[in-house]
Amino acid sequence: MITEVFNGVRLALRRWPRLVVLAGMITVASAMVAVAAGDVLSQFQIMRGGTELRERHAVTFTPYYRDSDVAVISSHTMAGLVESVEARTAYTAVISNVEIDNPDFAAGRPAVLLFGDELAELYPDLNLCSPAPCGMRGALVPAAEVAEVEIAGRKVSVDRQLAHSATFFDVNAAGLVLDHAVVLLLPADLIPRLDLYEQEELIWRTVLLEPGSETTDDFVDGAAGDGLMLVPHHIARDQPQRFGDLMQVSASYLTAFSAFGALIILAFASSSWETFRRESRSFAIHRVYGASVRHLVVRVGAYLAATLLVLPLLVLVAIQVMGEPVASGARLIAAALFAIFIVMWAAGVKMIYSRTTLGRGQ
């Protein structure tokens, strides 16, 4: 069988200029579609997160600062936030300012602090740990690297692993992929014990769930009194157009690149069928001298793999270093290439088998 593998590769190399052109075009198309698919997957995560919050009539905030110093949040404002989080009418997070004076925190990994039991219901796909306090590692964070952290005077075990490409919906930006992060789900009573930078971010990242206008106004007024100006946004009213625009642009790129890739695959299929027709007599002679159907299958598979899989898969593997969501798009395109390979392999063997005298006689 090894001989048949070499024969299949030699068949591909016999017309090496065509091989180089087709393999190069397939590789370029695969890389472009992988990037576009990764973008669409990311936007889809954003859409799902936005849908959950729209159904809860959530209100989010954009911060503006009176001066360059960090806002000092009053105990009254903090107490109100703690009460809302414990009542499950709000949740909040710290993403950018976790232990900024301690670069060794969580072994230097990006850290995310989450507050609110309602998060488990809003984002079930995250499969968050429970009960708080508890910690989770991103899919690409080694278990031995972070086993425990200390935050706000509380030690938290990090003993759960998030699923690959787990994404947290950051209402102020986009989907936040957590593969390289350490995520801590903390109880609301730790909020007053965080430092000033973390408390300031907690306030403007707060998401109020089904609040009345009076609740929203009180929250904004309390933050303003502490020097932090907040502009409220009702997701059900403000966000659908933004999400729609994001998905429309992403889908248009994906459609264009997919069409380009489909044309290249069709060109490759046409070239392969022409090669198989030319080689039918050689295959027939090969079988007369004792080759079995298995030899035919291996030779055809080797020919197709040499052109369709080797170079594109090498590039798609290299794309993995770009991280999520492009890595997910690369894996999706790799699976699609394998599916196309299997279909063309079966069709090629069937065509050659039917064109040989021995095959028609059986």
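Everything below is about the structure printed above this text.
Now for a quick tour of the structure.

### Describing unusual backbone geometry
- Here the residue pair serine 130 and proline 131 is connected by a cis peptide bond, since its omega of -10° sits within 30 degrees of zero.
- By secondary structure assignment, the location of proline 131 is in the loop between α4 (119-122) and β4 (134-137).
- A cis amide bond links alanine 132 to the next residue, proline 133, at an omega of 0°.
- Here proline 133 lies in the loop between α4 and β4.

### Topic: a nonpolar patch on the surface
- A cluster of nonpolar side chains, namely Val72, Ile100, Leu196 and Tyr197, defines an oily patch on the protein surface of about 340 Å² accessible area.
- The residue isoleucine 100 is located in the loop between β2 (90-94) and β3 (111-115) in this model.
- Overall, isoleucine 100 belongs to the partly exposed group, its relative accessible area being 38%.

### Overview of the state of the cysteines
- All chains considered together, the criterion is met by one disulfide.
- Sulfur-sulfur distance for the disulfide between cysteine 129 and cysteine 134 comes to 2.0 Å. In this structure, the disulfide formed by cysteine 129 and cysteine 134 twists by about 85° around the S-S bond and is classed as right-handed.
- Since its relative accessible area comes to 4%, cysteine 129 is described here as buried.
- Of the residues examined, cysteine 134 reaches a relative accessible area of 8% and is grouped as buried.

### Points about helix α10 (residues 310-319)
- Every buried residue of α10 is accounted for by Pro312, Leu313, Leu316 and Ile319. One side of α10 holds all its buried residues, which, seen down the axis, span an arc of 115°. Exposed residues on α10 whose side chains face more than 90 degrees from its buried face are Leu314 and Val317.

### Structural notes on the environment of alanine 36
- Mapped onto the secondary structure, alanine 36 falls in helix α2 (residues 16-55).
- Alanine 36 gets classed as buried once you look at its relative accessible area, which sits at 6%.
- Alanine 36 sits 216 residues away from serine 252 along the chain, and the two C-alpha atoms are 9.3 Å apart.

### Notes on a negative patch on the surface
- A cluster of acidic residues, Glu214, Asp217, Asp218 and Asp221, forms a negative patch at the surface.
- In this structure glutamate 214 comes out as exposed when scored by relative accessible area, which is 59%.

### As for the pairing of β3
- Of all five residues in β3, five are buried, a share of seventy percent or more.
- Strand direction decides the pairing type here: β2 and β3, joined by three bridges, are antiparallel. Within the sheet, the bridge partner assigned to alanine 93 lies in β3 and is leucine 114.
- Relative to strand β9 (residues 182-186), β3 runs parallel, the two being bridged by five bridges. In the sheet register, leucine 113 faces β9, and the bridge partner there is leucine 184.

### A closer look at the packing of aromatic side chains
- Considering all chains together, one arrives at four aromatic pairs under this definition.
- Here tyrosine 91 and tyrosine 123 contribute two aromatic rings whose centre-to-centre distance is 6.2 Å and whose plane-to-plane angle is 90°, an arrangement assigned as edge-to-face. Here tyrosine 123 lies in the loop between α4 and β4 and tyrosine 91 lies in strand β2, a separation of 32 residues in the sequence.
- Three or more aromatic residues link up through ring pairs in this structure, and these residues are Tyr91, Tyr123 and Phe168.

### Notes on the pattern of salt bridges
- Evaluation of the coordinates by the stated rule reveals seven salt bridges.
- The partner of glutamate 210 in a salt bridge is arginine 56, and the shortest N-O contact between them spans 3.1 Å. Remark: arginine 56 occurs in the loop between α2 and β1 (59-65) and glutamate 210 occurs in the loop between β10 (207-208) and α6 (213-225); sequence separation between them is 154 residues.
- Overall, glutamate 210 belongs to the partly exposed group, its relative accessible area being 48%.
- Here arginine 109 makes a salt bridge to glutamate 145, at a shortest N to O gap of 2.5 Å. Of the two residues, arginine 109 is situated in the loop between β2 and β3 and glutamate 145 in the loop between β4 and β5 (148-151); the sequence distance between them amounts to 36 residues.
- Salt bridges sharing partners connect three or more residues here, namely Arg56, Arg88, Glu118, Glu121 and Glu210.

### Quick word on the nonpolar core
- In terms of nonpolar packing, the biggest core is built from 39 residues, with Leu113, Phe115, Ile151, Leu184, Ile203 and Leu230 touching the most fellow members.
- Looking at which element gives the most residues to this core, the answer is helix α3 (residues 75-86), with four residues.
- Leucine 113 has contacts with Thr92, Ala93, Val94, Val98, Ile151, Leu184, Leu186, Leu194 and Glu198, leaving out every residue within four places of it along the chain.
- Counting residues in hydrophobic clusters, the runner-up holds 30 residues, among them Ile26, Tyr303, Leu304 and Ala305.

### Digging into the side chain of serine 30
- Its location among the elements puts serine 30 in helix α2.
- Residues contacting serine 30, with those up to four places away along its chain left out, are Pro312, Leu316, Ile333 and Leu337.

What counts and what doesn't
- Residues numbered from 1 in each chain as written.
- Predicted model: local features only at pLDDT ≥ 70, side-chain atom pairs only at ≥ 80, totals over all residues.
- Heavy atoms only, no water.
- Helix = DSSP H or I, 4+ residues; strand = E, 2+ residues; numbered from the N terminus.
- Patch = residues over 30% accessible without salt bridge, like charges linked within 9 Å, V, L, I, M, F, W, Y side chains within 5 Å.
- Areas by Shrake-Rupley, 256 points an atom, 1.4 Å probe, with all protein chains shown as cover.
- Salt bridge = Lys/Arg side-chain N within 4 Å of Asp/Glu carboxyl O.
- Buried < 20%, exposed > 50% of the residue type's maximum accessible area, 1.4 Å probe, protein only.
- Disulfide = S-S within 2.5 Å.
- Arc of directions from axis to C-beta.
- Lys, Arg positive; Asp, Glu negative; His and termini not counted.
- Charge placed at Lys NZ, Arg CZ, Asp CG, Glu CD.
- Pairing = 2+ DSSP bridges.
- Phe/Tyr/Trp six-rings, centres within 6.5 Å; stacked < 30°, edge-to-face > 60°.
- Core = buried A, V, L, I, M, F, W, Y, C linked by side-chain atoms within 4.5 Å.
- Contact = heavy atoms within 4.5 Å.

No statement about biological role is implied by the geometric values presented.
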